[in-house]
Structures are given as C-alpha cells and as structure tokens.
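# Understanding the architecture of this molecule
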Amino acid sequence: MNDPAYNLTQIYPLKSGVERLTLTDFRNYAGLRLEAEVAPIIVYGENGSGKTNILEAISFLAPGRGLRGARLADIKRFIPQITGTSEISFISPLNWAVAAEIRCNEEILTIATAVEKSFRETEDADDSRAFERRVVKVDGNKLASQAELGRYFSAIWITPQMDRLFRGGSQPRRAFLDRLVYAFDTEHAKRTANFEHLYREWYRLIKEGKRDNHWLNALEEQMAATGVAIAAARREQVARLNAFIENEPDDIFPSVRLELDGVIERALDNKAAVEVEDEYRNMMQRQRRFVLENDNPDGINRTDFKVYFKRKGMPADLCSTGEQKSLLISILLAQTKCQTLHKGFAPVMLLDEVAAHLDDIKREALLEKIKNLNIQAWITTTDPQLFASIRNDAQFLKVKNNQVCPGGLF
Ligand SMILES: Nc1ncnc2c1ncn2[C@@H]1O[C@H](COP(=O)(O)OP(=O)(O)O)[C@@H](O)[C@H]1O
Ligand SMILES: [Mg+2]
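Residues numbered from 1 in each chain as written. Chains lettered and ligands numbered in written order. Predicted model: local features only at pLDDT ≥ 70, side-chain atom pairs only at ≥ 80, totals over all residues.

## Section: the overall build of the protein
Keep this limit in mind: Runs of E in the DSSP output that reach at least two residues are strands. Runs of H or I that reach at least four are helices, and both are numbered from the N terminus. Here the globule rule is a power law, 2.2 Å times the number of residues to the power 0.38, and the radius of gyration is based on C-alpha atoms. Three exposure classes are used. Buried residues have 20 or more other C-beta atoms within 10 Å of their own C-beta, exposed residues have 12 or fewer, and partly exposed residues fall in between, all C-beta atoms being placed from the backbone. Our contact criterion uses C-beta atoms placed from the backbone: two residues qualify when those atoms are within 7 Å.
Looking only at helices and strands, the protein features nine helices and 17 strands. Against the compact-globule benchmark of 22 Å for 410 residues, the protein has a radius of gyration of 22 Å, which places it among compact chains. Overall, the protein is about 70 × 65 × 45 Å in size when its C-alpha atoms are taken along their principal axes. When the 410 residues of the protein are sorted by exposure, 38% land in the buried category. Sequence separation of at least 24 residues holds for 68% of the intrachain contacts in the protein that already meet a minimum separation of 6.

## A closer look at the confidence of the model for the protein
Test applied: Per residue, pLDDT captures the predictor's confidence, and it can take any value from 0 to 100.
Of the residues in the protein, 90% have a pLDDT of 70 or more, and the chain-wide mean is 90. Note that pLDDT drops below 50 for residues 1–5; the model gives that stretch five contacts with residues more than four away or on any other chain. Overall, residues 122–129 carries pLDDT values under 50, and its contacts beyond four positions in sequence, including any with other chains, amount to seven contacts.

## Describing the sheet that holds strand E12 (residues 304–309)
Selection rule: The rule for pairing is simple: two strands pair if DSSP sees at least two bridges between them.
Read across the open sheet, the three strands follow the order E11-E12-E13; overall the sheet is antiparallel. What marks the edges here is a single partner per strand, and that holds for strand E11 (256–261) and strand E13 (314–315). Note that E11 and E12 share six bridges and pair antiparallel. When the bridges of E12 are listed, Arg257 appears paired with Tyr308.

## Here we look at the domain arrangement of the protein
Quick reminder of the rule: An automatic or database domain assignment is the source of the domain bounds shown. Throughout, the ten residues Ala, Val, Leu, Ile, Met, Phe, Trp, Tyr, Cys and Pro are labelled nonpolar, Asp, Glu, Lys and Arg are labelled charged, and all others, Gly among them, are labelled polar.
Domain annotation of the protein identifies domain 1 (16–166 + 347–410) and domain 2 (167–318). Just the C-alpha atoms count here: the centres of domain 1 and domain 2 sit 27 Å apart. Its residues assigned to classes, the side of domain 1 that touches domain 2 shows six nonpolar, five polar and four charged.

## As for helix H2 (residues 51–59)
The buried fraction of H2 is high, at nine of nine residues. Of the positions making up H2, those classed as buried are Lys51, Thr52, Asn53, Ile54, Leu55, Glu56, Ala57, Ile58 and Ser59.

## Considering the sheet that holds strand E14 (residues 348–351)
Put simply, the rule is: Interaxial angle, 0 to 180 degrees, is taken between N-to-C directions of lines fitted to C-alpha atoms, where a helix line uses only the stretch in contact.
Pairing within the open sheet is mixed, and its six strands lie in the order E10-E14-E15-E3-E16-E17. Pairing within the sheet leaves two strands with one partner each, and these edge strands are strand E10 (155–158) and strand E17 (403–406). Going across the sheet, the axis of each strand differs from the next one's by a mean of 20°, ignoring polarity. Bridge analysis of E14 against strand E15 (residues 377–381) gives three bridges, and the strand direction is parallel. When the sheet's bridge partners are listed, Leu350 is paired in E15 with Trp378. H2 rests against strand E3 (40–44), E10, E14, E15 and strand E16 (395–400) of the sheet, and its axis sits at about 160° to E15.

## Brief notes about the pairing of strand E2 (residues 29–35)
Within a regular strand, the side chains alternate between the two sheet faces. Relative to E2, strand E1 (residues 16–26) runs antiparallel, the two being bridged by six bridges. Bridge pairing in E2 links Arg20 to Glu35. Joining the antiparallel neighbours E1 and E2 is a turn of two residues, in which Arg27 adopts a positive phi near 50°.

## Digging into the nonpolar core
Rules: To count as a nonpolar core, a set of buried Ala, Val, Leu, Ile, Met, Phe, Trp, Tyr and Cys residues must be joined through C-beta atoms within 7 Å.
Ile41, Val43, Ile58, Leu61, Met349, Leu350 and Trp378 are the most contacted members of the largest nonpolar core, which has 99 residues in total. Among the elements that make up this core, the one with the highest residue count is helix H5 (residues 213–247) (11 residues). Each of two domains, domain 1 (16–166 + 347–410) and domain 2 (167–318), supplies a minimum of three residues to this core. If we ignore the near neighbours within four places in the chain, the residues touching Trp378 are Ile41, Val43, Leu55, Ile58, Leu350 and Leu351.

## Structural notes on the packing of H5 against helix H7 (residues 273–287)
Rules: For classification purposes, an angle smaller than 35 degrees is called roughly parallel, one larger than 145 roughly antiparallel, one from 65 to 115 roughly perpendicular, and anything else oblique. In this scheme the crossing of two helices becomes right-handed for a clockwise turn of the near helix relative to the far one and left-handed for an anticlockwise turn of less than a right angle.
Where H5 contacts H7, the axes come no closer than 8 Å and their chain directions differ by 130°. When the axis of H5 is compared with that of H7, the two are oblique. Read as a crossing pair, H5 and H7 show a hand that is right-handed. Along its contact with H5, which presents Glu220, Glu221, Met223, Ala224, Ala225, Gly227, Val228 and Ala232, the element H7 presents Ala273, Val276, Glu277, Tyr280, Arg281, Met284 and Gln285. When its residues are assigned to classes, the contact of H5 with H7 shows nine nonpolar, two polar and four charged.

## Quick look at the environment of Glu201
Topologically, Glu201 is positioned in helix H4 (residues 187–207). For the pair Glu201 and Leu216, spaced 15 residues apart in sequence, the C-alpha to C-alpha distance is 9.1 Å.

## Some words on the pairing of E15
Worth spelling out the cut-off: Seen with its strands pointing away from the viewer, a crossover is right-handed if its path from the first strand over the helix to the second goes clockwise.
Buried residues dominate E15, accounting for four of its five residues. At this point the chain moves from E14, through helix H9 (residues 360–373), to the parallel E15, and the crossover so formed is right-handed.

So this is what it looks like as structure tokens:
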C-alpha cells in the first residue's frame with residue numbers, strides 16, 4: 001500500500017452509523033427507541049442496567065452471531081414469573097426484533113432483523129424439525145443472506161470477554177479475524193457459515209457410520225473449495241492490515257504484527273489455490289478415519305490468528321492485560337481507517353467497558369482519535385465522568401429501569 005500520510009476526515013467527510021434504533025422484546029427491553037448521532041456515544045448506567053444489551057443489538061445489524069455470540073433463543077426477553085414462595089419460572093412467548101435507520105454516507109436505509117421459525121428438511125421426511133434463524137431486511141426487502149449486510153453496515157467491537165482473547169483456544173481469535181474480513185469481502189460471511197454447515201454434515205455422516213463415499217466425496221470437494229477461499233481471504237486481510245500498520249503506525253497505540261498459523265493458509269504461500277484445494281480434499285478424506293477420536297481435524301477450522309506487540313517482538317498472550325487491550329484497539333483503529341479508505345464507509349465501534357484497562361493518556365487518546373475519524377462509537381461505562389473531556393463532542397445516554405434517556409455531565 002502506497003497511500004501517503006492522509007487525513008481521513010478530508011478524504012471522507014461523510015459519516016456512517018446508526019441514527020435510530022428500535023428494540024422489541026430484546027433482552028431487558030420490552031420496547032426501546034433511541035436516536036443517535038454519528039459521534040462518540042457514552043452509554044452509562046449501573047451494572048446490569050442494560051448497556052451491553054444495546055451494543056449487542058447494534059452488533060446484530062452486521063452479519064454473524066453478535067457481540068456475545070449468543071444463542072438466538074437467549075435473546076428474546078425473558079419475563080420471570082414468581083409462581084410460589086420460592087420458585088421462579090420463565091416464560092417467553094416473545095419474538096425479538098432490532099430495527100435501525102442507518103446512515104451510510106448520503107444514503108439512509110433501514111435494517112431490520114428478527115428471528116423466524118422455519119422448517120428444515122431432514123433425511124427422514126417425517127422428521128422436519130422447526131428451527132429458528134435470523135432473517136434480515138434492508139428497506140423492507142428480505143436479504144437472501146445475512147452476509148449481504150456487509151455492503152451497508154459493519155461493526156467492530158471490544159468487550160470485557162476479549163480480555164482473554166489472546167490466552168485461550170484459537171476459535172474466538174479466528175472469529176475475530178473472520179469478522180474483520182466481512183467488511184472487505186461480503187462473501188466471507190457466507191463462506192464461513194457454509195463451511196460450518198458442510199463440516200457438521202460431514203461429521204454427522206461419519207459419526208452415524210453412513211460412510212456413503214459419494215456423499216462424503218461431494219462434501220469434501222465443497223469443503224476444500226470453500227476452505228481455500230476462506231484461507232485466501234484471511235491471508236489478504238492480514239496482509240492488508242500489516243501493510244497499513246507498517247505505513248501508518250499509530251502515535252499512541254502500539255503497532256501490531258499479525259500472523260496466520262494454519263496448514264491451508266501456509267500452503268497458499270507457495271502453491272496455487274487449485275493445488276491446495278486438491279491437497280485439502282485428500283487431507284479431509286484421510287481424516288475420515290481419525291475424526292471420531294480427534295474431533296477437530298486439521299484445516300481452516302484450526303487456524304490460529306496470532307498477534308504480536310511489534311516493537312517488543314512479544315506475542316500478545318505474554319503481554320499485560322492493559323497492553324493486550326491496547327493491541328486490540330490498534331487493530332480496530334487500523335481496520336477502521338483501512339475500511340474507510342477502501343470501502344468508502346467506516347465501521348461502527350462498540351466499546352464495552354473499554355476504559356477499564358486503559359490509563360488516562362490512552363483513554364483520552366482513543367477518544368480524540370474517534371472524534372477525529374468522524375466515526376460512531378458506542379462506549380459503555382458505569383462512570384460517565386471518565387469521559388468529561390469530550391462532553392461537548394459526545395452524546396450521553398443514561399440507561400435506567402429498562403429505558404434510555406438523554407444524559408449529561410453536571
Ligand atoms: N433474555 C433476557 N431477557 C430479559 N433480561 C435479560 C435477558 N438477557 C439478559 N437480561 C438482563 O439484562 C440486564 C442487563 O444486562 P447488560 O446489558 O449486560 O447490563 P450492563 O448494563 O451491565 O451491561 C441484566 O440484568 C440481565 O439479567
Ligand atoms: Mg455490560
């Protein structure tokens with residue numbers, strides 16, 4: 001990338017973000033409406049008041065399972081019923097929905113998402129099971145796939161759970177990277193969902209002893225093709241962000257170096273995609289024999305996304321909690337700038353309790369950057385006074401009693 005030093009606000013003076021949000025039977029909200037500015041938005045209130053739930057709702061305007069990775073069934077509003085002296089049961093006949101008016105530069109569009117029951121044909125024709133899936137409408141038209149949301153809206157987030165992102169198993173890191181790809185490559189969300197589906201089907205056949213070679217071969221063929229496309233898109237995103245960070249290091253947040261550690265991604269270093277596809281297909285075929293003992297066969301579903309604190313040459317998992325948070329912010333900032341330059345609209349940032357591990361200097365620097373980038377960032381906190389320095393540039397929303405009202409600092 002040879003972009004000279006630039007000022008994004010000059011290149012893209014336009015704004016993107018959520019301007020109106022409506023929640024229906026979504027977690028603790030029976031009905032919530034709020035209006036928002038494309039600016040930093042400080043969402044404050046006591047623990048358990050419903051701050052994170054608002055961010056989660058916004059995350060459902062982008063493809064995927066949202067900021068908590070929740071099961072759809074957990075999201076609809078539960079109404080506790082006190083039936084006896086001590087027993088509590090929950091009823092929830094409700095269907096949740098999130099609707100929003102989105103600004104994407106000069107364009108205003110509505111995105112609505114809700115859960116719909118549909119029926120899946122199973123092998124046994126009498127046993128078609130009901131299952132819930134998330135449907136999405138843009139300006140009233142149902143999208144064939146959630147993935148297409150990536151054309152209009154994207155969100156990136158940091159949550160307290162991500163304090164452990166670099167320490168545990170590789171799945172959340174992969175998911176984190178895959179979400180970064182969605183904004184650049186709309187097909188990626190489709191591919192990752194598709195791969196998961198193919199893999200489950202493949203695993204089920206083997207587990208049930210249905211070693212139908214024809215069917216397994218066909219699944220392996222598709223998994224190999226989809227898997228190589230996933231690996232290639234991940235490689236591209238990692239290269240793009242590394243190049244960007246190399247050229248445009250941040251002045252406050254530490255530069256990161258990103259790496260992929262996966263057999264398929266590595267194979268693409270020096271082989272053509274078709275060749276890697278063949279290898280992947282053969283590998284899956286060999287793994288039929290082991291998959292039941294080793295439930296996670298090798299492939300793109302085992303790739304690790306590695307992050308290094310560049311100047312120190314230190315892997316992120318060995319960095320302090322505060323440093324890890326700063327590394328994540330670095331990635332988010334690079335992604336935001338990169339996306340604005342290449343796609344023409346910025347992602348919305350969802351920063352859940354982000355101030356927790358940041359010192360005053362970093363917190364103030366982050367706010368300054370968000371302001372200068374002209375982006376929308378939803379920032380939750382129990383202590384709005386921490387955000388006093390942007391009192392004139394931010395919108396303050398107070399969350400209380402399952403409602404949100406305009407707040408402020410006094
Ligand atoms: N499906 C649900 N139905 C009703 N309430 C819920 C549901 N899921 C979570 N909650 C409640 O929502 C409240 C607010 O949660 P959250 O947004 O995480 O709070 P915080 O303001 O601390 O971020 C919690 O008290 C939680 O128990
Ligand atoms: Mg919270």
